[in-house]
Amino acid sequence: MYWEKDLEIMPREELVKLQRERLHKTILQAAKTPFYRKQFAKLHITPESIQTLEDLQNLPFTTKEDLRQGFPFKFLAVPLEEVVRLHSSSGTTGVPTVIYHSAEDLDRWTNQVARCLYMVGVRKTDVFQNMMSYGLFTGGLGMHYGAERLGALTIPIGAGNSKRQIWFLQFFKTTAAHILPSYALLLANLIKSEGLDPKKDLNLRIMLIGAEPHSEETRQRIEELYGAKAYNSYGLSEMNGPGVAFECPYQNGMHLWEDYYLLEIVNPQTGEPCASGEVGEIVLTTIYRDATPILRYRTRDLASFIDEPCPCGRTHRRISRIQGRSDDMFIVRGVNIFPIQVEKVLMGIPEVGTNYRIVLEREDYRDVMRVEVEIKSELFLGDLQKLERLRERIQSELRSEILVTPEVSLVEPGTLPTQEGKAQRVLDQRKF
Ligand code: ADP
Ligand code: ZN
């Protein structure tokens, strides 16, 4: 049941001790980087003065913008010849951010991912199809090496090309898959359109879904469609990639591996720590990485602590599913809305298909929010009044969740655009 029992069920006091040791090493590493060396000097901080999480909280947060400003080497703590790989964020909006890994860093990350996979039951007897894109994006290689370390037969198929995905799923009787939740929904349709039943004609038993926000309703749908268990997997390239936090078999929030990171959740406005259950921004400090130490990184991801002990026995703290990114919230007529609220409502309605889109427009200086929803094709053959009643029902359920009345239009399956990578659900066409 455990990949590294001693570490996974380590009593809290011991875990805190281990964190201190690792934090100490991390601070010494950080002091070697141009960015933190300058910051420590400016604040008159010596590495010895930072021993605990409380000490660390005297330091400012590190932001994505800091990482950009630090391009290319200001966060590098080892000589370049010690670096064996780099990963970089998309960089579509300017300078990319780069994370460097030493051979040991990669080994630790691989182990971290193997721990997650083992926790949810992936074994060497499994056939593991990794449907995430390989390359600079960490979801591909990160998960790949973890699966190999477990000894699973690992298929590095990458993202997209659904026909080939389906062929591999069938031919190799794939039992475990790593897949974007939006793509899992879409792929199920394509499997059906080939006359196959994703539940009966495939052998999937474990799915790892992550890399984008998704609701509990979406997870349940994926589980029903494939007849498999779907586990939430959270990670970000600044903190390695996949493996940062993962659900255990109890599916009651994600364990965040505290022997790899120091975890804070803070109020995004004030930066003050959040109480248990209160939603705030996840802030992480790497404590088990040499080449690119990052202290108090503001992830922009929103979640809350779950403090009850987990029946699985693991002592690493749990966080809720990611509620969204502080920067993907949008405001309609003064009301703050997260895309995941819309998704939660839609995926809870059985008539709703697998794709939807939120379009924001401005008409006569007023925000208009339109939700375009694909519904199951057979419904278009039936009675028009029934369709109208469905539309009204969707509208009213959305209104009670988001407190704004959106326009709702029902469209046939396959009408809305799809993306190969992470789903983009919001099209904001407003000009202010
Ligand atoms: P990018 O920043 O370009 O999207 P990353 O691969 O680093 O590239 O993406 C990490 C981000 O993806 C996280 O910060 C988070 O917003 C999102 N993410 C990753 N896993 C999950 C998950 N399980 N649930 C919700 N969001 C997730
Ligand atoms: Zn657990």
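Above this text is the structure in question.
Keep in mind the model is a prediction, meaning the values are calculated, not measured.

(A) View of the coordination of the zinc ion (ligand 2). For the zinc ion (ligand 2), the full set of protein donor atoms is Cys248 (SG), His255 (NE2), Cys310 (SG) and Cys312 (SG), and the range of their distances to it is 2.1 to 2.3 Å. Viewed at the metal, the 4 donor atoms of the zinc ion (ligand 2) are separated by angles of 102 to 116°, and the geometry they form is tetrahedral. Read N to C, the donor residues that coordinate the zinc ion (ligand 2) are spaced as C-x6-H-x54-C-x1-C. Linking His255 in strand β9 (residues 254–256) with Cys310 in the loop between β13 (305–306) and β14 (318–319), this pair joins segments that are 55 residues apart in sequence. An identical accessibility class is assigned to His255 and Cys310; each is buried.

(B) Focus on the nonpolar core. One finds Leu117, Leu208 and Leu284 to be the most contacted residues of the largest nonpolar core, which totals 59 residues. Sort the elements by how many residues they give to this core and helix α6 (residues 103–119) lands first, with 7 residues. Not counting chain neighbours up to four residues away, the residues in contact with Leu284 comprise Leu236, Met239, Val244, Leu256, Tyr261, Leu262, Leu263, Ile294, Leu295, Arg296, Tyr297 and Thr299. Ranked by size, the runner-up nonpolar core spans 51 residues in total, among them Ala230, Ile337, Ile349 and Ile402.

(C) Inspection of the site of ligand 1 at higher detail. Not every one of the 16 residues close to ligand 1 is listed here, only the nearest: Asn232, Ser233, Ser237, Asp301 and Lys422. Contact distances for ligand 1 include 3.3 Å between a nitrogen atom and a backbone N or O atom of Pro213. At 3.0 Å, a side-chain N or O of Arg325 approaches an oxygen atom of ligand 1. About the coverage of ligand 1: the protein hides 90% of its 570 Å² of free accessible area. Ranked by residue count, the leading element in the shell around ligand 1 is strand β7 (residues 229–234), at 3 residues. Grouping the amino acids of the shell around ligand 1 by side-chain chemistry returns 6 nonpolar, 6 polar and 4 charged.

(D) Geometry of the environment of Gly70. Mapped onto the fold, Gly70 is located in the loop between α5 (64–69) and β1 (83–88). We classify Gly70 as buried; its relative accessible area is 3%. Taking the C-alpha atoms as reference points, Gly70 and Thr97, 27 residues apart in sequence, are found 8.1 Å from one another.

(E) Examining the packing of aromatic side chains more closely. A full pass over the atoms with the stated rule returns 13 aromatic pairs. With a centroid separation of 5.5 Å and 45° between ring planes, the pair formed by Trp3 and Tyr118 is classed as tilted. Remark: Tyr118 occurs in helix α6 and Trp3 occurs in the segment before α1 (5–8); sequence separation between them is 115 residues. Ring geometry for Tyr260 against Tyr261: centres 6.3 Å apart, planes inclined by 35°, an arrangement best described as tilted. Of the residues examined, Tyr260 reaches a relative accessible area of 3% and is grouped as buried. Of the aromatic side chains, those joined through ring pairs into one cluster are Phe35, Tyr36, Phe40 and Phe75. A cation over a ring is seen here: Arg123 above Tyr118, with NZ or CZ 3.5 Å from the ring centre. Between Arg317 and the ring centre of Phe305, over which it is positioned, the NZ or CZ distance is 3.6 Å.

(F) Quick look at the sheet that holds β14. Overall, mixed pairing links the 9 strands, which are arranged β4-β3-β5-β6-β7-β8-β9-β14-β13 in an open sheet. Both edges of this open sheet fall to β4 (153–155) and β13, since each of them pairs with a single strand only. In the packing of helix α7 (residues 138–150) onto the sheet, the strands contacted are β3 (127–130), β4, β5 (176–179), β6 (206–210), β7 and β8 (245–247), and the crossing angle to β3 comes to about 170°. Packed onto the sheet, helix α10 (residues 216–226) meets β6, β7 and β8 and runs at close to 140° relative to β7.

(G) Focus on unusual backbone geometry. For the bond from Phe71 to Pro72, the omega torsion is 0°, close enough to zero to count as cis. Of note, Tyr365 is a non-glycine position whose phi angle comes to about 60°, a positive value. Mapped onto the secondary structure, Tyr365 falls in the loop between β18 (352–363) and β19 (366–375). Phi is positive for Leu403, close to 65°, though the residue is something other than glycine. Position of Leu403 among the secondary structure elements: in the loop between α12 (384–402) and β20 (407–411). On the basis of relative accessibility, which here comes to 67%, the residue Leu403 falls in the exposed class.

Parameters and conventions
Residues numbered from 1 in each chain as written. Chains lettered and ligands numbered in written order. Predicted model: local features only at pLDDT ≥ 70, side-chain atom pairs only at ≥ 80, totals over all residues. Heavy atoms only, no water. Donors = N, O, S within 2.8 Å, 3.2 Å for Na, K, Ca; no water. Tetrahedral: all angles 85-135°; square planar, octahedral: opposite > 155°, others 65-115°. Helix = DSSP H or I, 4+ residues; strand = E, 2+ residues; numbered from the N terminus. Buried < 20%, exposed > 50% of the residue type's maximum accessible area, 1.4 Å probe, protein only. Core = buried A, V, L, I, M, F, W, Y, C linked by side-chain atoms within 4.5 Å. Contact = heavy atoms within 4.5 Å. Near = heavy atom within 4 Å. Polar contact = N/O pair within 3.5 Å; in protein donor to acceptor, adjacent residues only side chain to side chain. Areas by Shrake-Rupley, 256 points an atom, 1.4 Å probe, with all protein chains shown as cover. Nonpolar A, V, L, I, M, F, W, Y, C, P; charged D, E, K, R; others polar. Phe/Tyr/Trp six-rings, centres within 6.5 Å; stacked < 30°, edge-to-face > 60°. Lys NZ or Arg CZ within 6 Å of the ring centre and 35° of its normal. Pairing = 2+ DSSP bridges. Axes fitted to C-alpha atoms, helices over the stretch in contact; angles between N-to-C directions.

Read these as layout, nothing more, since geometry by itself doesn't imply function.
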